[in-house]
There are 2 protein chains.
Amino acid sequence: MQDKIINSAKNPIIAEVIALQKKKSTRNEKGLFVVEGLRAVKEVCEDDVRYFIATNNICKADFTTNTQWIEVSDEVFKTISDTKTPQGILAVVQQKNFTLQNLTQAQNSFYLVLENIQDPGNLGTVIRTAYSFGVDAIFITKGSADIYSPKVVRSTMGALWNTKIISNLEISEIFDWLNQHNISTYATDLTNSNPIYDVDFTEKVALIIGNEANGISQETRDLATFKVKIPMVGGESLNASIATGICLYEIMKQRAKIL
Amino acid sequence: MQDKIINSAKNPIIAEVIALQKKKSTRNEKGLFVVEGLRAVKEVCEDDVRYFIATNNICKADFTTNTQWIEVSDEVFKTISDTKTPQGILAVVQQKNFTLQNLTQAQNSFYLVLENIQDPGNLGTVIRTAYSFGVDAIFITKGSADIYSPKVVRSTMGALWNTKIISNLEISEIFDWLNQHNISTYATDLTNSNPIYDVDFTEKVALIIGNEANGISQETRDLATFKVKIPMVGGESLNASIATGICLYEIMKQRAKIL
């Protein structure tokens, strides 16, 4: 495909990228999102890329064989970048469309449910950690941060396109699906709950993490099979992404030990 | 002590607070730092507060009995606040001066060593987590982020003034002190290391965490008694604060189980 050079920040493609960076509604409507930076762009599967935008100090041959390559000036790149020190390359990428209906169940599955996680940095870090510990899929409720927002994309460090994520779900449909598939649910909660190291996670598991400030919803509290907590010595709180990381580690460890 | 009202952003006290918010050198020189926000200010011990600055919608009686209280306008408060949506209260607080020399050793001690952690958000989260898991003291090397920078203070969520922290240390003096006190060192590293769940952490422990991008230094690699890692299934990386949280959890758990 022929390369294109854009010198004006008013070009419609530039306007599209700016809208994709800033607006969830545009990302949803077009089914696209932006991946920025040398390392991240290199890791995206080229088949999913609609077009690349780069400054002239980026070597095209490192990134694409035949996807549209658009060259822009440093000034134009600054207007479309979400970072303070742009590396001069981004890709506009198609969103994945996993659904509960087409999700094939893994053997002895390991799922993560995120209920109303608000902070994009936390959400991105949790996705990155889930990928590292071999979670089969992540379910995210309506009202959570958008997985395709620039800050989430950045903090997943590539885990976003290596993990099955289904977002925009009602908590009730998640429970319905998990129950249908005989998957026990373990919700993190501080009251009436057992220390995670005393709980057996070796069978099918869905771990449920609640909102940063308010924890899990009453509905989840009522519906979850088990309630679990991370015992603490001092203080009373852990950051939500730290708590999730610790629970995922404990689950992974118990399962690795029986392999 | 009599209250004071300041209406000008050019007042020397206002200039001092701005410098304390922005400059590590001013914080070091004066031995002071700034704590901002209703909840955080309430948690600071009043004996450590030099003065409070607040807008007139904050109730003085909730915070102080006889420490200097300075009232400023909303406009002046905005110039001294480090947050986007200021709550209208901050405290200028004395730094603690723990040293290796005056550190009393805890029974079966549990220490955390942070080598060259650069990101203030990571550093703050790690301090918060260490407090939750009962770490006796944290040692921080020269060149790390400043524990008194506004972002670190904020993300520790109060753990900063509940934890013994000694910063600005050479890694060699840390090892000297730990060796003198017969404390085994466990450095996180990916090569030639054992899974943390196969390591015995029930005796005196110093866990060493390295830089976000480069891990531990060669010096630490050579000097550490043991090298440990968190096994991962997919991907190849965890955020530094998540990795620290998981190691601290594993150590706490092993020690809680023998109590």
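In this report, we go over the structure that sits alongside the text. (Residues numbered from 1 in each chain as written. Chains lettered and ligands numbered in written order. Predicted model: local features only at pLDDT ≥ 70, side-chain atom pairs only at ≥ 80, totals over all residues. Heavy atoms only, no water.)

1. Things to note about the interface of chain B and chain A
Then step 1. With 31 residues of chain B at the contact, the number on the chain A side is 31 residues.
Then step 2. Buried surface at the junction of chain B and chain A, summed over both partners, amounts to about 2600 Å²; 61% is from carbon and sulfur atoms.
Then step 3. Seen at the junction of chain B and chain A, the total is two salt bridges.
Then step 4. Notably, a salt bridge pairs Glu250 of chain B with Lys253 of chain A, separated by 3.6 Å at the nearest N-O pair.
Then step 5. The tally of links from chain B across to chain A stands at 10 residue pairs in polar contact (both at pLDDT 80 or more). (Contact = heavy atoms within 4.5 Å. Buried area = accessible area lost by both parts, 1.4 Å probe. Salt bridge = Lys/Arg side-chain N within 4 Å of Asp/Glu carboxyl O. Polar contact = N/O pair within 3.5 Å; in protein donor to acceptor, adjacent residues only side chain to side chain.)

2. A closer look at the sheet that holds strand S1 (residues 4-6) of chain A
All names here are of chain A.
Then step 1. The five strands lie next to each other as S1-S4-S3-S5-S2, forming an open sheet whose pairing is mixed. Edge positions in the open sheet fall to S1 and strand S2 (32-36), since each of these has one partner strand only. The sheet shows a mean angle of 25 degrees between the axes of neighbouring strands, taken without regard to direction.
Then step 2. Across three bridges, S1 lies against strand S4 (residues 68-72) in parallel orientation. Its bridge partner being in S4, Lys4 is matched across the sheet by Ile70.
Then step 3. In the packing of helix H1 (residues 12-22) onto the sheet, contacts are made with S1, S2, strand S3 (49-54), S4 and strand S5 (89-94), and the angle to S2 comes to roughly 90 degrees. (Pairing = 2+ DSSP bridges. Helix = DSSP H or I, 4+ residues; strand = E, 2+ residues; numbered from the N terminus. Axes fitted to C-alpha atoms, helices over the stretch in contact; angles between N-to-C directions.)

3. Quick word on the pairing of S4 of chain A
Residue and element names in this part refer to chain A.
Then step 1. With four of five residues buried, S4 is to be regarded as a mostly interior element.
Then step 2. In terms of strand pairing, S3 meets S4 through four bridges, oriented parallel. Each residue of the ladder has a partner; that of Ala54, found in S4, is Glu71. (Buried < 20%, exposed > 50% of the residue type's maximum accessible area, 1.4 Å probe, protein only.)

4. Focus: the packing of aromatic side chains
All names here are of chain A.
Then step 1. The tally for this structure, following the rule as stated, stands at 23 aromatic pairs over all chains.
Then step 2. Between Phe52 and Phe63, the ring centres sit 6.5 Å apart and the planes meet at 55 degrees, which makes this aromatic pair tilted. Pair noted here: Phe52 is in strand S3 and Phe63 is in the loop between S3 and S4, with a separation of 11 residues, a long-range link.
Then step 3. The buried category is assigned to Phe52, whose relative accessible area is 2%.
Then step 4. Taking the relative accessible area as the measure of exposure, Phe63 reaches 11% and is therefore buried. (Phe/Tyr/Trp six-rings, centres within 6.5 Å; stacked < 30°, edge-to-face > 60°.)

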